[in-house]
Amino acid sequence: MIVRLLLAALAAGLIAGMAMTPAQYVKIVPLILQAETYEGGGHDHGAAEAVSSTTAAGSETPEVTATAGQDHDANDHTHDEGDESMLGLGRLGDTVLANLVAGAGFALMLAAVALIAGIEFPAGRDGLMRGLLLGAGAWFCVQLAPSFGLPPAVPGFPHADLADRQGWWMVTVGASALGLWLVALRPEWVARALGLVLIAAPHVWGAPVPDDISSDVPAYLASAYAAASLATTLFFWLLLGGLLGHFLSRVPAEQRA
Amino acid sequence: MAAKIQTLSLTDRIGARTVAGLMALVIGSILVFGVGLANSQALHDAAHDTRHSYGFPCH
């Protein structure tokens, strides 16, 4: 059943998307708020001090970030005031909603790749492991590969033209996905070599780089942010992949038709 | 009779998997594009923290 496959993907995406919000509030959102005080050159020391307490507690390892995805940390709600929201949900509400939509979207795309590439999910541990591998591969294509050229950026980061960066980002994600499929799932060595070329090509071409890379945002914030973003999204993609593998393995074989 | 059903469900299965995959690809792309890349100011503001945390090009 087509509908059951889509619903399985949607369920995995909504769960992973829901877990993403608390995971972001561990480290990413405090760093964004801290960086925003430097954005546009305005140094708001009062606000910087207000968020410094959250970053002091934010130096956890990725493993801690992953486990903290379960607990709903309430101490960041004080930063929500004063933000206009198109849905009247406030900044936290908007982020929850955006994470749910992003989770559903990424889950459907990941399920699409699995279905079109003919990846089967056997019941039990094998399905889960394949899902985790699929999630790790997606993390490489969507997060790690683009981050070589366009490192995850806090607000106030120096940036090149938005359309150029978005174009390069989409090409890189697509080329990395196709390349990874060729390398991992095609037996012919010519295909594997072509896959490596595809993965490397966007980086040889080069990402758009701003003319002036000086910034008011402290380098410490920026590098902490890049690491936090990669760690948090790794948690998201592994959770999504594992759930997807598990859920798709539970769609009965005769219903996968 | 039984053989015929077997054949039908096999072709059905290959076709339906691809159809489900393409549907998921289209719907998923639209959702991801809306959250991560769409140029609308309202969408940008609402998805701001999400865009930054996933490393989408932003600002």
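Located above this text is the structure these notes cover.
It should be emphasised that the depicted structure is a prediction, and the values quoted were computed from it without experimental measurement. (Residues numbered from 1 in each chain as written. Chains lettered and ligands numbered in written order. Predicted model: local features only at pLDDT ≥ 70, side-chain atom pairs only at ≥ 80, totals over all residues. Heavy atoms only, no water.)

Take the side chain of Thr172 of chain A next. All names here are of chain A. Along the chain, Thr172 falls in helix 7 (residues 162-185). Residue class for Thr172 comes out buried when judged on its relative accessible area of 0%. Residues in contact with Thr172, not counting those within four places in the same chain, are Ala145, Pro146, Pro202 and His203. (Helix = DSSP H or I, 4+ residues; strand = E, 2+ residues; numbered from the N terminus. Buried < 20%, exposed > 50% of the residue type's maximum accessible area, 1.4 Å probe, protein only. Contact = heavy atoms within 4.5 Å.)

This part takes up the pattern of salt bridges. Applying the stated criterion across every chain yields a total of four salt bridges over all chains. The partner of Arg91 of chain A in a salt bridge is Asp49 of chain B, with the nearest N and O atoms 2.7 Å apart. Linking Arg91 of chain A in helix 5 (residues 90-116) with Asp49 of chain B in helix 3 (residues 48-53), this pair reaches from one chain into another. A single burial state applies to Arg91 of chain A and to Asp49 of chain B, both of which are buried. In this structure, Glu120 of chain A engages Arg17 of chain B in a salt bridge whose closest nitrogen and oxygen atoms are separated by 3.8 Å. Note that Glu120 of chain A is positioned in the loop between helix 5 and helix 6 (125-149) and Arg17 of chain B in helix 1 (residues 2-36), a pairing that runs across two chains. When salt bridges with common partners are traced through the structure, they connect Glu36 and Arg91 of chain A together with Asp49 of chain B into a single cluster. (Salt bridge = Lys/Arg side-chain N within 4 Å of Asp/Glu carboxyl O.)

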